[in-house]
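Observations on chain architecture
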Amino acid sequence: ILARICSRLKQHDRAVAEAELAIGLNPSSANSYLVLGICLMARGLLGEALPQIETAIRLVPSGSYHKVKLQAKGFGLYLMGDFDNAEACMRSALQGPSIGPFGWLNLAAVMVRQGRPEEARDAVQKALDIRPGMTLATYRQVFEGFTDDHVDRAAADVKAAGLPV
């Protein structure tokens with residue numbers, strides 16, 4: 001938890017150190033690897049982040065955080081420009097019970113980059129069906145602590161897909 005708080009405060013070095021400490025204390029903690037991956041992604045270290053998230057998925061390939069792990073991996077792939085694999089991860093995370101609107105919004109961002117604006121608008125509408133009143137400002141808050149260029153890119157894509165400002 002301390003690692004995520006530090007990350008949101010843009011204290012990235014401390015966030016990574018706290019997550020690595022948690023892994024050192026419990027090397028089989030999938031959640032610690034997920035947090036480390038998210039902290040590294042927030043810092044802009046996408047190539048280092050994805051293996052941590054993949055380790056989290058491998059350690060616990062199901063359960064309550066599985067969809068979050070898939071979404072995190074998908075978002076990292078989106079930021080790296082691997083849109084087909086990002087879409088596959090996000091679609092897997094969207095199967096079954098909903099984990100909220102953000103998966104649909106992240107999928108919309110991918111579809112914008114793939115040149116599929118109609119499908120992107122449909123994904124935004126599904127997010128709005130889950131959380132009416134969802135706005136771009138709310139979406140941006142989820143990525144508080146991430147590098148500005150990554151947040152700006154994702155926000156521009158979901159805005160292009162029709163998410164209200």
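Above this text you will find the structure in question.
Let us look at the structure shown here. As the structure is a prediction and not an experimental result, all values here were calculated from the model. (Residues numbered from 1 in each chain as written. Predicted model: local features only at pLDDT ≥ 70, side-chain atom pairs only at ≥ 80, totals over all residues. Heavy atoms only, no water.)

Quick word on a nonpolar patch on the surface
Among the surface-exposed residues, Leu-2, Ile-5 and Leu-9 lie close enough to one another that they form a single nonpolar patch of about 270 Å² accessible area. For Leu-9, the location among the structural elements is in the loop between helix 1 (2-8) and helix 2 (12-25). For Leu-9, a relative accessible area of 55% gives the class exposed. (Patch = residues over 30% accessible without salt bridge, like charges linked within 9 Å, V, L, I, M, F, W, Y side chains within 5 Å. Areas by Shrake-Rupley, 256 points an atom, 1.4 Å probe, with all protein chains shown as cover. Salt bridge = Lys/Arg side-chain N within 4 Å of Asp/Glu carboxyl O. Helix = DSSP H or I, 4+ residues; strand = E, 2+ residues; numbered from the N terminus. Buried < 20%, exposed > 50% of the residue type's maximum accessible area, 1.4 Å probe, protein only.)

Comments concerning the packing of helix 5 (residues 66-80) against helix 10 (residues 148-160)
At a closest axis distance of 11 Å, the pairing of helix 5 and helix 10 adopts a crossing angle of 95°. It follows that helix 5 is roughly perpendicular to helix 10 by the angle criterion. In contact with Phe-75, Tyr-78 and Leu-79 of helix 5, helix 10 contributes His-150, Arg-153, Ala-154 and Asp-157. Of the residues assigned to the contact of helix 5 with helix 10, the class counts are four nonpolar, one polar and two charged. (Axes fitted to C-alpha atoms, helices over the stretch in contact; angles between N-to-C directions. Parallel < 35°, antiparallel > 145°, perpendicular 65-115°, else oblique. Contact = heavy atoms within 4.5 Å. Nonpolar A, V, L, I, M, F, W, Y, C, P; charged D, E, K, R; others polar.)

Focus on the packing of aromatic side chains
This model, assessed by the stated rule, comprises seven aromatic pairs. Measuring from centroid to centroid gives 4.5 Å for Phe-75 and Phe-143, while their planes differ by 15°, and the two rings are stacked. Placement of the pair is Phe-75 in helix 5 and Phe-143 in the loop between helix 9 (136-142) and helix 10, with a sequence separation of 68 residues. Phe-75 gets classed as buried once you look at its relative accessible area, which sits at 5%. The exposure class of Phe-143 is buried, given its relative accessible area of 8%. Ring pairs connect the aromatic residues Phe-75, Tyr-78, Phe-83, Phe-102, Tyr-139, Phe-143 and Phe-146, which therefore count as one cluster. (Phe/Tyr/Trp six-rings, centres within 6.5 Å; stacked < 30°, edge-to-face > 60°.)

A look at the side chain of Asn-106
Among the structural elements, Asn-106 can be located in helix 7 (residues 102-113). A polar atom in the side chain of Asn-106 sits 2.7 Å from the side chain of Tyr-139. For Asn-106, the contacting residues outside a window of four places in its chain are Gln-71, Phe-75, Met-90, Tyr-139 and Phe-143. (Polar contact = N/O pair within 3.5 Å; in protein donor to acceptor, adjacent residues only side chain to side chain.)

Points about the environment of Ala-155
As for its placement among the helices and strands, Ala-155 is situated in helix 10. Here the alpha-carbon distance between Ala-155 and Glu-119, two residues 36 residues apart in the chain, equals 17 Å.

With respect to helix 4 (residues 46-59)
Over its 14 residues, helix 4 extends 20 Å from the first C-alpha to the last, a length consistent with the 20 Å expected when each residue adds 1.5 Å. Within helix 4 the residues assigned to the buried category are Leu-46, Ala-49, Leu-50, Gln-52, Ile-53, Thr-55, Ala-56 and Ile-57. (Expected span 1.5 Å × (residues − 1).)

Things to note about the pattern of salt bridges
Applying the stated criterion to the full structure yields nine salt bridges. Glu-54 serves as the salt-bridge partner of Lys-73, at 3.5 Å between the closest nitrogen and oxygen. Of the two residues, Lys-73 sits in helix 5 while Glu-54 sits in helix 4, which places them 19 residues apart along the sequence. Its salt-bridge partner being Arg-113, residue Asp-157 comes within 2.7 Å of it at the nearest N-O pair. Residue Asp-157 is located in helix 10, and its partner Arg-113 is located in helix 7; the two are separated by 44 residues in the primary sequence.

What about the packing of helix 5 against helix 6 (residues 83-93)?
Put simply, helix 5 and helix 6 touch, their axes get as near as 8 Å, and they point 160° apart. Relative to helix 6, helix 5 is oriented roughly antiparallel. Between helix 5 and helix 6 the crossing geometry is left-handed. Each of Lys-67, Leu-70, Gln-71, Lys-73, Gly-74, Phe-75, Leu-77 and Tyr-78 in helix 5 lies in contact with helix 6, whose residues at this interface are Phe-83, Asn-85, Ala-86, Cys-89, Met-90, Ser-92 and Ala-93. A class-by-class count of the residues in the contact of helix 5 with helix 6 yields nine nonpolar, four polar and two charged. (Left-handed = near helix turned anticlockwise from the far one by under 90°.)

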